[in-house]
Amino acid sequence: MKQETKTIYDKGAEKYEEVMRRYWHVPKKPFIESLDFKPGDKILSAVVGTGLDLPHFPQGTYVTGIDASKEMLNQARKKHSKAWIELKEMDLHSLNFPDNYFDAAILTFTLCVLKDPVKAIQEIVRVTKPNSKIAILDYCKSRNPETEKWQELFNYHAENIGFPKDIIAWDSLMDYDNLIYDSGLPLEIKSDFRIESENPFSTACQIILINKK
Ligand SMILES: C[S@@+](CC[C@H](N)C(=O)[O-])C[C@H]1O[C@@H](n2cnc3c(N)ncnc32)[C@H](O)[C@@H]1O
């Protein structure tokens with residue numbers, strides 16, 4: 001991750017949750033609970049941000065949250081969770097974990113801000129065990145042509161609303177058909193649920209993949 005990108009997240013860490021609540025609110029609790037994590041599971045939270053997911057992991061699970069921003073991690077340290085939590089500063093494009101280390105991985109609002117989402121998924125496939133669950137909750141391109149038009153407009157103006165394209169690769173037109181289905185990565189699609197909304201910022205997807213490496 002570029003130093004300028006880290007600085008942007010470091011500076012925005014304190015206000016991050018307020019902004020998310022106001023503009024990009026997609027509930028996470030039901031999704032995380034539906035993943036049916038079991039005590040003893042080692043779960044990678046990639047990336048953890050300010051730790052909004054942490055309260056929803058069940059007791060007895062071991063959650064390792066990584067993020068490239070120190071200040072986002074400092075906010076995450078304030079969160080309570082019934083799970084065992086470990087937080088590490090790390091770039092998702094190059095994870096410092098051995099192969100087959102985790103039982104599962106969860107990515108919430110992650111892929112849409114990465115420079116190279118395919119590389120990140122490759123890394124997650126490497127560090128998770130065969131047949132493990134990889135769960136994605138993220139923004140995505142709407143299947144409603146009217147909403148998609150708005151998303152195209154926002155994407156075009158991303159720079160003006162604070163997402164300088166060369167620093168933060170925010171993509172409201174995240175296309176999972178292209179990213180996952182046509183990627184050639186060893187992934188099986190267990191479920192793919194799209195949340196349509198007239199708010200172009202709240203069009204989301206919940207995708208559960210199985211690592212078939
Ligand atoms: C939109 S937030 C999502 C955080 C959290 N999962 C949530 O749902 O609130 C994006 C996060 O990605 C982190 N990030 C961006 N690029 C990264 C990278 N290459 N490696 C690790 N973290 C990165 C930022 O620091 C920020 O905390």
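Note that the coordinates shown come from a computational prediction; the quantities given were computed from them, not determined experimentally.

Cut-off values and rules
- Residues numbered from 1 in each chain as written.
- Predicted model: local features only at pLDDT ≥ 70, side-chain atom pairs only at ≥ 80, totals over all residues.
- Near = placed C-beta within 6 Å.
- Nonpolar A, V, L, I, M, F, W, Y, C, P; charged D, E, K, R; others polar.
- Helix = DSSP H or I, 4+ residues; strand = E, 2+ residues; numbered from the N terminus.
- Contact = placed C-beta atoms within 7 Å.
- Core = buried A, V, L, I, M, F, W, Y, C linked by C-beta atoms within 7 Å.
- Buried ≥ 20, exposed ≤ 12 C-beta atoms within 10 Å, placed from the backbone.
- Pairing = 2+ DSSP bridges.
- Axes fitted to C-alpha atoms, helices over the stretch in contact; angles between N-to-C directions.

Participant: How should the site of the ligand be read in this particular structure?
Facilitator: The environment of the ligand is formed by 18 residues, the closest being Tyr 9, Gly 49, Ala 68, Ser 69 and Leu 92. Among the residues making up the shell around the ligand, the classes are represented as 11 nonpolar, five polar and two charged.

Participant: Quick question: what am I supposed to make of the environment of Ile 207 here?
Facilitator: With respect to the element layout, Ile 207 can be found in strand β7 (residues 204-211). Spatially, the C-alpha atoms of Ile 207 and Leu 179 are 12 Å apart, while their sequence positions differ by 28 residues. Those residues within four positions of Ile 207 in sequence are excluded, and the remaining contacts are Ile 136, Tyr 176, Ile 189 and Asp 192.

Participant: So what exactly am I meant to see when it comes to the nonpolar core here?
Facilitator: It is characteristic of soluble globular proteins that their nonpolar side chains tend to be buried jointly. Formed by 50 residues in total, the largest nonpolar core has its most connected members in Ile 43, Ala 46, Phe 57, Ala 105, Ile 124 and Ile 136. If we skip the residues at most four places from it in the chain, Ala 105 touches Ile 43, Leu 44, Ala 46, Ile 124, Thr 128 and Ile 134.

Participant: Sorry, what's going on with the sheet that holds strand β2 (residues 62-67) here?
Facilitator: What links the strands of a sheet is backbone hydrogen bonding, and the strands pair in either a parallel or an antiparallel sense. The sheet built from seven strands is open, its strands ordered β3-β2-β1-β4-β5-β7-β6 with mixed pairing. Taken across any chain shown, the strands that pair with only one partner, and hence form the sheet edges, are β3 (84-89) and β6 (187-195). Taken over all neighbouring pairs, the strand axes of this sheet differ in orientation by 15 degrees on average, direction set aside. In terms of strand pairing, strand β1 (residues 42-46) meets β2 through five bridges, oriented parallel.

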